[in-house]
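Chain and residue survey
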Amino acid sequence: MDSSFAIASLPQLTPAQAEAWQEVVAASMALDLPGVPPPTAEELYARLAGSQLRSRVLTWLATAPDGRVAGVASLRLFTGAGQGHLAEAELHVHPDLRKRGIGSGLLSELLAGASAEARRTVITQTPADTPAQRFCVSRGFSSALTLDHLILPLSELDPDRLDKLATADDPGYRLTRWRGTVPAELAPAFAAAKSAMNDMPIGEIDYGTVGWDADRVVRMAEVVADRGDTLLTVAALHDSDMAGFTEIVIPGGTGPWAQQYDTAVVPAHRGHGLGVRVKASMLQWLRAEHPHLTEVETDNATDNTHMLAVNEQLGFRAYRRTHEYQLTLPTA
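Quick look at the structure, then. Here the structure is a predicted model, which means the values were calculated and not measured. (Residues numbered from 1 in each chain as written. Predicted model: local features only at pLDDT ≥ 70, side-chain atom pairs only at ≥ 80, totals over all residues. Heavy atoms only, no water.)

Formed by 31 residues in total, the largest nonpolar core has its most connected members in L283, L286, V296 and L314. A total of eight residues in this core trace back to one element, the largest contributor, which is helix α8 (residues 274-289). The residues contacting L314, other than those within four sequence positions of it, are L152, L157, R161, L165, V276, K279, A280 and L283. Core analysis: the next-biggest nonpolar cluster, separate from the first, contains 26 residues, A191, M197, F245 and A264 among them. (Core = buried A, V, L, I, M, F, W, Y, C linked by side-chain atoms within 4.5 Å. Buried < 20%, exposed > 50% of the residue type's maximum accessible area, 1.4 Å probe, protein only. Helix = DSSP H or I, 4+ residues; strand = E, 2+ residues; numbered from the N terminus. Contact = heavy atoms within 4.5 Å.)

In structure tokens, the structure reads:
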């Protein structure tokens, strides 16, 4: 790395540093992900310095001689049972300052931090066909999963068709919905339904296992609220069981786009069209109560053919692709 640049580990990211961080991320995304809106400084600060769900975050800044922030890096250390081996890295270098070894220097700090925390697996996500992807390959990362990102312009929805999909005639199931934290009486059933995601395709990623209980689903909603985001959930109930659900997050609560979070159908209840039904009901909710929204984005593993078919039936269309890369660290 150019010796005139300095890399520092941050004991705690400050709002001012988040502003500088956002400038680097926005410039990086403008080149590598044109058309994709970058997170705001407030969103980044909440994500990196705010409350976390069974994880903690380490951060680094690379600074130019004039004090300008040239690159940023974060390492999320998962702390929940079944994922203590795992860390997730994110790294950006300002396009004007690339090719000076800043990315390599930041990566060295990331990997040293992961090793110091006894992590054996580091994962990261890169846009397809970009310098970031080539950077990962050249540093020994292996491709572990490919994701298609899909977009749904809400203005293109047919209300009559949406109503038909959301009100499928199946007397064994009824829909319910909530904003924010799950109602206490549904928390255990929601946690059980969340566990249905453990069989979703994850390629070759050494992701471990995620255990869900009532406390965790409540805590997850609190973390989203602490970031200032709005969390919406639609679920299908079968007697006292939760058969399936879908979640949407609206960043900042008022932004023009919404992000799909988890969607799952419990194995015993698959084959009834519940994935389409809960997602169609969610889209109705968004159109009725969040008219400022213009689109919804989701992503699916390319081999998750069932969920891809569900999304295509609703009108989602692919518009970009990313790759999950993985590096296995030497054990002590």
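We now examine the pattern of salt bridges. Under the definition given, this model contains 14 salt bridges. Here E289 ties to R177 by a salt bridge, and the two come within 3.2 Å at their closest N and O atoms. Placement of E289 in helix α8 and of R177 in strand β7 (residues 174-179) is noted, with a sequence separation of 112 residues between them. By relative accessible area, which is 42% here, R177 ends up partly exposed. A single network of salt bridges, built from pairs that share partners, joins R177, R179 and E289. (Salt bridge = Lys/Arg side-chain N within 4 Å of Asp/Glu carboxyl O.)

Our next topic: the sheet that holds strand β10 (residues 257-265). Pairing within the open sheet is mixed, and its 12 strands lie in the order β1-β2-β3-β4-β5-β12-β6-β11-β10-β9-β8-β7. Two strands close off the open sheet at either side, each with one partner strand: β1 (6-10) and β7. Averaged over neighbouring strand pairs, the angle between their axes works out to 25° when direction is ignored. For β10 and strand β11 (residues 295-301), the ladder comprises three bridges, and the chain directions are parallel. (Pairing = 2+ DSSP bridges. Axes fitted to C-alpha atoms, helices over the stretch in contact; angles between N-to-C directions.)

This part is about the side chain of D229. Structurally, D229 can be placed in the loop between α7 (214-226) and β8 (230-238). For D229, a relative accessible area of 14% puts it in the buried group. Here the side chain of D229 touches R227 through a polar contact of 3.0 Å, side chain to side chain. With residues near it in sequence (within four places) discarded, D229 still touches V224, V249, I250, P251, G252 and G253. (Polar contact = N/O pair within 3.5 Å; in protein donor to acceptor, adjacent residues only side chain to side chain.)

Tallied over the full model, the rule gives two cavities of 30 Å³ or more. One number sums up the size of the largest cavity: a volume of about 50 Å³. As for the largest cavity, its lining consists of W21, L44, R47, L48, V72, A73, S74, E90, L91 and H92. Among the secondary structure elements, those contributing two or more residues to the lining of the largest cavity are α2 (41-49), β3 (69-78) and β4 (86-93). Here the lining of the largest cavity is built from residues that sort into six nonpolar, two polar and two charged. Roughly 40 Å³ of volume is contained in the second largest cavity. Contributing to the lining of the second largest cavity are T246, I248, Q260, K279, M282, L283, V296 and F316. Breaking the lining of the second largest cavity down by element, the ones donating at least two residues are β9 (241-250) and α8. Among the residues making up the lining of the second largest cavity, the classes are represented as five nonpolar, two polar and one charged. (1 Å grid on protein atoms, 1.4 Å probe; cavity = no way out; pocket = protein on both sides within 12 Å on 5 of 7 lines; lining within 4 Å. Points joined across faces, edges and corners; volume = space filled by probe spheres on them. Nonpolar A, V, L, I, M, F, W, Y, C, P; charged D, E, K, R; others polar.)

Further remarks concern the layout of surface pockets. Space inside the second largest pocket adds up to approximately 170 Å³. Together, 13 residues line the second largest pocket, and L10, P11, Q12, V57 and L58 are the ones closest to its centre. Here the lining of the second largest pocket gets four residues from one element, more than from any other, and that element is strand β2 (residues 55-63). Across the lining of the second largest pocket, the residue classes break down as eight nonpolar, five polar and no charged.

Let's shift gears to the packing of α8 against helix α9 (residues 305-314). Where α8 contacts α9, the axes come no closer than 10 Å and their chain directions differ by 40°. Comparing their axes, α9 and α8 come out oblique. α9 is crossed by α8, and the crossing has right-handed handedness. Residues G275, V276, K279, A280 and L283 of α8 lie in contact with α9, whose contacting residues are M307, V310, N311, Q313 and L314. (Parallel < 35°, antiparallel > 145°, perpendicular 65-115°, else oblique. Left-handed = near helix turned anticlockwise from the far one by under 90°.)

What follows deals with unusual backbone geometry. Unusually for a residue other than glycine, A118 sits at a positive phi of about 60°. By the element assignment, A118 lies in the loop between α3 (102-116) and β5 (121-127). Judged by relative accessible area, A118 falls into the exposed class, the value being 62%. A positive phi angle, close to 60°, is found at D129, a residue other than glycine. Examined against the element boundaries, D129 turns out to sit in the loop between β5 and α4 (131-138).

As a further point, take the environment of H272. Structurally, the position occupied by H272 is in the loop between β10 and α8. Take H272: its relative accessible area is 40%, and that puts it in the partly exposed class. Note: C-alpha distance between H272 and G172 (100 residues apart in sequence) is 9.8 Å. The residues contacting H272, other than those within four sequence positions of it, are D170 and Y173.

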